[in-house]
Amino acid sequence: MKKNILICTYYYEPEITPRAFRAKEIAEALSENNYNITVITKQLHNNDNKVYYVNENLLIKKIKPGFFLNSFKWQKIRLGLLKYFIHFIYLGGINFEYSIMLFFNLIKNKKKYDVVISIGLPFSVHFGVALYKLFCDRNIIAIADYGDPFSKSSKYKYILHYYIIEKLVLKLFDFLVVPTEKALKAYKGLFNRNKIFIIPQSISSKKIKICNYVPNKSLKFAYAGLFYIDIRNPQKFIDYLLNKSDKYDFKFIIYTDINHNETYKCLEKYLSNHSDKIIIEKPLERYNCIEVLSSMDFIINFENTTQVQVPSKLIDYYFTKRPILNINPNYLDEMKIERFLHRNFVDEDYLKLNVHEYLSENVVQKYIKLFSMSITDD
């Protein structure tokens, strides 16, 4: 008999975020392995299609993201200083309401599942799934798919009760999944190390198309992704480039979501002071982005300044087959930057990865192995 797998996530296609990529790749790969998959995610707007089948094994259900501050009516309003007070009640912000919406939807859902995969961030997804397991189905195998602990974020370091709540929530999960080995140390004291498994970000090689690269007349390089003020801030690098704009003929293209609060703050001064050297564009769909980036002379990767986070986009960058300029946001390696601006690339500039580990058909087997540790075949 087919196993019934529930995937709970806040982000899903067509949203352009690593967590949406994660959820979609897992759901599609599991459905191809003949599991019955139900994905519960949020509606993007009132007219968003609520229930539909992707294929005979994959059902998508969309629910409202909230009922008050995270409702469609209020979520676009900037809350200013009020958001700092909200954090004491709303764990992680206004999207905490999604945990309540998710919990009540699962209560109404009469279908029984063998396994639930909870994909965060935001933490609200894990909170909603934990409530469901606590009050409705203690036998379901619960897997928390994490990036990093929300309670240890620099944004919340002064909100001490977050750590206690996160630890209590994680007690209701059977396994915890992180994308890289570096992330393990962040969970010390939060979760049993023997029940933490490393399952990397996955990608479908069947969907990848790249350009036949030809050097651009004007040097073109790009970055795709979000920015964060404390851990991935591009301002020093952009300022350095602008100071060199008379010396070099280049275009730095940034594919990002300017509606993302921290990204907007990082780029605000460049939006008002337009430059033909710094071009800010809307984010691209994942596989389209890989194709576009493959036409660049090189790609920019901003390293996170934390010790436990690794940008998940690196696997996507690998498939572009272009050299990568790694930038430490706080300490610029000017000699290396100059070398790239002169198109003087060396072998170490090309990312080396064991691609086999990241292909969807292989990554999904790590999840299936977890299922076999958790449930017996019928």
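Placed above this text is the structure.
Note that the coordinates shown come from a computational prediction; the quantities given were computed from them, not determined experimentally.

(A) Local environment of the environment of Ile196. Relative to the elements of secondary structure, Ile196 occurs in strand β8 (residues 196–198). Residues Ile196 and Leu170 lie 26 residues apart in sequence; the distance between their C-alpha atoms is 11 Å. Not counting the four nearest positions on each side in its chain, Ile196 is found in contact with Leu176, Val178, Leu184, Tyr187 and Phe191.

(B) Seen up close, the packing of aromatic side chains. Considering all chains together, one arrives at 22 aromatic pairs under this definition. Plain terms: the ring middles of Tyr223 and Phe302 are 5.1 Å apart, the flat faces sit at 75° to each other, and that makes the pair edge-to-face. Separated by 79 residues along the polypeptide, Tyr223 in strand β9 (residues 219–224) and Phe302 in strand β12 (residues 298–302) bring together distant segments of the chain. The class of Tyr223 is buried, set by a relative accessible area of 0%. Overall, the relative accessible area of 1% leaves Phe302 in the buried class. Ring centres of Phe237 and Phe252 lie 5.6 Å apart, and the angle between their planes is 80°; this geometry places the pair in the edge-to-face category. Note that Phe237 is positioned in helix α6 (residues 235–243) and Phe252 in strand β10 (residues 250–255), a separation of 15 residues in sequence.

(C) Spotlight on the sheet that holds β9. Reading across from one edge, β11-β10-β9-β12-β13 is the order of the five strands in this open sheet, with parallel pairing throughout. Every interior strand has two partners, whereas the edge strands, β11 (278–281) and β13 (324–327), have only one. Here the strands of the sheet are splayed against their neighbours by 25° on average, with no regard to which way each runs. Examined bridge by bridge, β9 and β10 share six bridges and lie parallel to one another. Within the sheet, the bridge partner assigned to Ala222 lies in β10 and is Ile253. Along the sheet, helix α10 (residues 334–341) makes contact with β9, β12 and β13, crossing β13 at roughly 155°.

Cut-offs and rules
Residues numbered from 1 in each chain as written. Predicted model: local features only at pLDDT ≥ 70, side-chain atom pairs only at ≥ 80, totals over all residues. Heavy atoms only, no water. Helix = DSSP H or I, 4+ residues; strand = E, 2+ residues; numbered from the N terminus. Contact = heavy atoms within 4.5 Å. Phe/Tyr/Trp six-rings, centres within 6.5 Å; stacked < 30°, edge-to-face > 60°. Buried < 20%, exposed > 50% of the residue type's maximum accessible area, 1.4 Å probe, protein only. Pairing = 2+ DSSP bridges. Axes fitted to C-alpha atoms, helices over the stretch in contact; angles between N-to-C directions.

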